[in-house]
Amino acid sequence: ASAVPASQKGSWASFLKSIAAFSGDLSSLTAPPFILSPISLTEFPAYWCERPELFAAIADAKNEEDRSIAVLRWFISTLKGQYTSRNEKLGSEKKPLNPVLGELFYGYWPDIKGRGQTNLVVEQVSHHPPITAYWIENASKGITLQGHNAQKTSFSGGSIIVKQIGHAVLTVNLPEGKKEQFLITLPRLRIDGLWYGSPYVELSETSYIQSSTGWLSTIEYKGKGYFSGKSHQFKAVLTPPGSNNAKHTYEGLWHEKSKDSRGAPFTDVTGPKEEVTVASVEQQNEWESRRLWQHVARGIREGDFEVASREKSKIENDQRQRRRDEVAAGTKWELKHFDYIDSDPLYEELGRLFKAVPPTEDAYVYKQNGPTLPSA
Ligand code: 0T9
């Protein structure tokens, strides 16, 4: 059964053909209306914190080993939101709005049950190719997450293969001015179900979480047709500093539950998650994602694609004009919340420990100048 509306069969077929003929930046391809999402990619970093108590719990762990376990538990527990939530909310994976340069997304998770408030600052730092930088901070627990995201896409065997570019660094500020840092790399995605017009993400290959203390999590992803034949499987091994022997092994389904090697529960994301709190569109500034895209998003939600495409053209024309003005004035767009560095020393240092590929990556360093978000 196909999820493609009869009237859009032709445009879906030609969209798939253009994907197949093309690799690189898919965001610029025009897709048929039924597959458009009203949500911009600048909102996606919020998936890192939809279980704020697991993020906060990293600070409460007793020692280096426990902190590595807590980071892994939090990370695995974000995957369901990151990779399956559009299917749950929108019926399938959909093509997100392609953020404009300078687009912002701010939000927070309130301080309840003693976990502290967590704040989120996101900025679109490149339009072509799309690159999104983010900063997440739970100040009272001393935990921060800084990262950026880009994608390289190709087409193979009827699926879109997405290589994620970028990495994240989680920092835990310990008492006595000490800190521990974790380099987080990102899994590879395969987008299946394209033929039927109901795309979904499967994860593949391996990602890593390298602690500055030497503890290393190696996470392997498998889909249907491997091991148990189920979708969304993972196996993670945690190795102590300087060793290749697993001290802990965790296995299960990243969108449901997992266990350690003795059968004790490790992750369980079958319960509700907490979406980020965001100011109303009226309170947002003109660069904030939901305000910037409000008319396009309404068109998509209400099925009024004439409005959606007219409003989208306005935004794109405005962007083109800004770029022309910059060229004419000999100026350059200034990032608001992040400084670009062409090589991240922490990535190189921690990446060496597990032979990260590539051996070096650029990064966007938060300027510590986010907005004042409400607090309880
Ligand atoms: C970072 C995440 C990322 C962003 C999305 C590939 C994708 C854009 C990037 C990698 C988040 O932390 C996790 C989840 C989903 C990823 C998206 C899935 C997707 O399909 C899009 C791409 C650009 C498309 O829109 C492809 C065309 C579309 C018709 C298929 C649904």
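Here the structure is shown first, and the text comes after it.
Residue numbers run consecutively from 1 along every chain, following the written order of its sequence. Only residues with pLDDT of at least 70 get local features here, since the model is predicted, and only at 80 or more are side-chain atom pairs given and counted; chain-wide, interface and lining totals rely on the full set of residues. Side-chain measures here rest on the full set of heavy atoms in the structure, leaving out hydrogens and waters.

Caption draft 1: Geometry of the overall build of the chain. Counting secondary structure elements, the chain contains seven helices and 18 strands. Our radius of gyration is a C-alpha quantity, and the globule rule it is checked against amounts to 2.2 Å times the number of residues to the power 0.38. A compact globule built from 376 residues would reach a C-alpha radius of gyration of about 21 Å, and the chain, at 21 Å, matches this within 12%. Here the C-alpha coordinates of the chain stretch approximately 55 × 50 × 40 Å along the principal axes. Counting only residues that meet the buried cut, the chain has 52% of its 376 residues in that class. Each helix corresponds to a stretch of at least 4 residues labelled H or I by DSSP, and each strand to a stretch of at least 2 residues labelled E; elements are numbered beginning at the N terminus. Partly exposed residues are those whose accessible area sits between 20% and 50% of the maximum for their type, while under 20% is buried and over 50% is exposed, using a 1.4 Å probe and protein chains only.

Caption draft 2: Structural view of helix α5 (residues 294-302). Those residues of α5 that fall on the buried side of the exposure criterion are V296, A297, G299 and I300. Looking straight down α5, one finds that the buried residues subtend no more than 160° of arc, so they occupy a single side. Across α5 from its buried face, at more than 90 degrees, point the exposed residues R301 and E302. Those residues of α5 that are buried lie in contact with β1 (36-40), β2 (95-97) and α6 (305-329). Phi turns positive one or two residues past the end of α5, at G303, with a value near 75°. The directions from the helix axis to the C-beta atoms are what the arc is built from. Residue contacts follow a heavy-atom distance rule, with two residues in contact if any of their heavy atoms lie within 4.5 Å.

Caption draft 3: Highlighting the side chain of Q210. Within the secondary structure, Q210 sits in strand β11 (residues 200-211). A distance of 3.4 Å separates a polar side-chain atom of Q210 from the backbone oxygen of G214. Whenever a nitrogen or oxygen atom comes within 3.5 Å of another N or O atom, the pair is scored as a polar contact, on the condition that within protein one atom can donate a hydrogen and the other can accept it, and that pairs from neighbouring residues in sequence are kept only if both atoms are in side chains. In terms of polar contacts, Q210 uses its side chain to reach the backbone carbonyl oxygen of W215, at 3.4 Å.

Caption draft 4: Up close: unusual backbone geometry. Here the amide bond leading from H128 into P129 is cis, since omega sits at -5°, within 30 degrees of zero. For P129, the location among the structural elements is in the loop between β4 (118-126) and β5 (131-138). P358 follows V357 through a cis peptide bond whose omega is -5°. Although it is not a glycine, H232 sits at a positive phi angle of roughly 60°. Even without being a glycine, Q368 presents a positive backbone phi close to 60°. Here Q368 shows up in the segment after β18 (363-366). Accessibility expressed as a relative area gives 53% for Q368, which makes it exposed.

Caption draft 5: Geometry of the packing of aromatic side chains. Note on aromatic pairs: the rings of Phe, Tyr and Trp (six-membered ring only in Trp) are paired at centre separations within 6.5 Å, and the planes decide the class, stacked below 30 degrees, edge-to-face beyond 60, tilted for the rest. This model, assessed by the stated rule, comprises 14 aromatic pairs. Taking the centre distance of 5.3 Å and the plane angle of 75° together, the rings of F44 and Y47 count as edge-to-face. Its relative accessible area of 13% is what places Y47 among the buried residues. Ring geometry for F338 and Y366: centres 5.6 Å apart, planes at 55°, overall tilted. In this pair, F338 sits in strand β17 (residues 338-341) while Y366 sits in strand β18, placing the two residues 28 residues apart along the sequence. Taking relative accessible area as the criterion, F338 reaches 1% and is therefore assigned buried. In this structure an aromatic cluster arises from ring pairing among W48, F55, W74, F75 and Y134.

Caption draft 6: Seen up close, the site of the ligand. We call a residue near a given molecule or strand whenever any one of its heavy atoms falls within 4 Å of it. Taken together, 19 residues lie around the ligand, and Q82, R86, P96, Q164 and I191 are the ones closest in. Q82 places a side-chain nitrogen or oxygen 2.6 Å from an oxygen atom of the ligand. Every accessible area reported is derived by Shrake-Rupley at a probe size of 1.4 Å, with residue values counting cover from the shown protein chains alone. For the ligand, the accessible surface in isolation is 630 Å², of which the surrounding protein chains cover 96%. Residue contributions to the shell around the ligand peak at three residues, all from helix α3 (residues 64-90).

Caption draft 7: Broad picture of the environment of D339. Mapping D339 onto the fold places it in strand β17. Sequence-wise, D339 and Y366 are 27 residues apart; in three dimensions their C-alpha atoms are separated by 6.5 Å. Those residues in contact with D339 that lie beyond four places of it in its chain are A363, Y364, V365 and K367.

Caption draft 8: Summary view of the packing of α5 against α6. Each axis is a line fitted through C-alpha atoms, and for a helix only the stretch in contact is used; angles between axes span 0 to 180 degrees, taken between their N-to-C directions. Contact pair α5 / α6: the axes reach a minimum separation of 7 Å and the direction vectors enclose 160°. Here α5 lies roughly antiparallel to α6, going by the angle between them. Helix-helix and strand crossings are classified by hand; for α5 and α6 the assignment is left-handed. Of α6, the residues touching α5 (which contributes H295, V296, G299 and I300) are F305, V307, A308, E311, K312 and I315. Broken down by class, the residue content of the contact of α5 with α6 amounts to six nonpolar, two polar and two charged. Any angle between 65 and 115 degrees counts as roughly perpendicular, while under 35 counts as roughly parallel, over 145 as roughly antiparallel, and the rest as oblique. Whether a crossing is left-handed or right-handed is set by the direction in which the near helix is turned from the far one by less than a right angle, anticlockwise for left-handed and clockwise for right-handed. Put simply, Ala, Val, Leu, Ile, Met, Phe, Trp, Tyr, Cys and Pro go in the nonpolar bin, Asp, Glu, Lys and Arg in the charged bin, and everything else, Gly too, in the polar bin.

Caption draft 9: Fine view of the packing of helix α2 (residues 52-60) against α3. It is at 8 Å that the axes of α2 and α3 come closest, and there the two elements cross at 170°. As summarised for this structure, α2 and α3 are arranged roughly antiparallel, according to the angle between their axes. Seen from α2, the contacting residues are L54, F55, A57 and I58; seen from α3, they are R67, A70, V71, R73, W74 and S77. Broken down by class, the residue content of the contact of α2 with α3 amounts to seven nonpolar, one polar and two charged.

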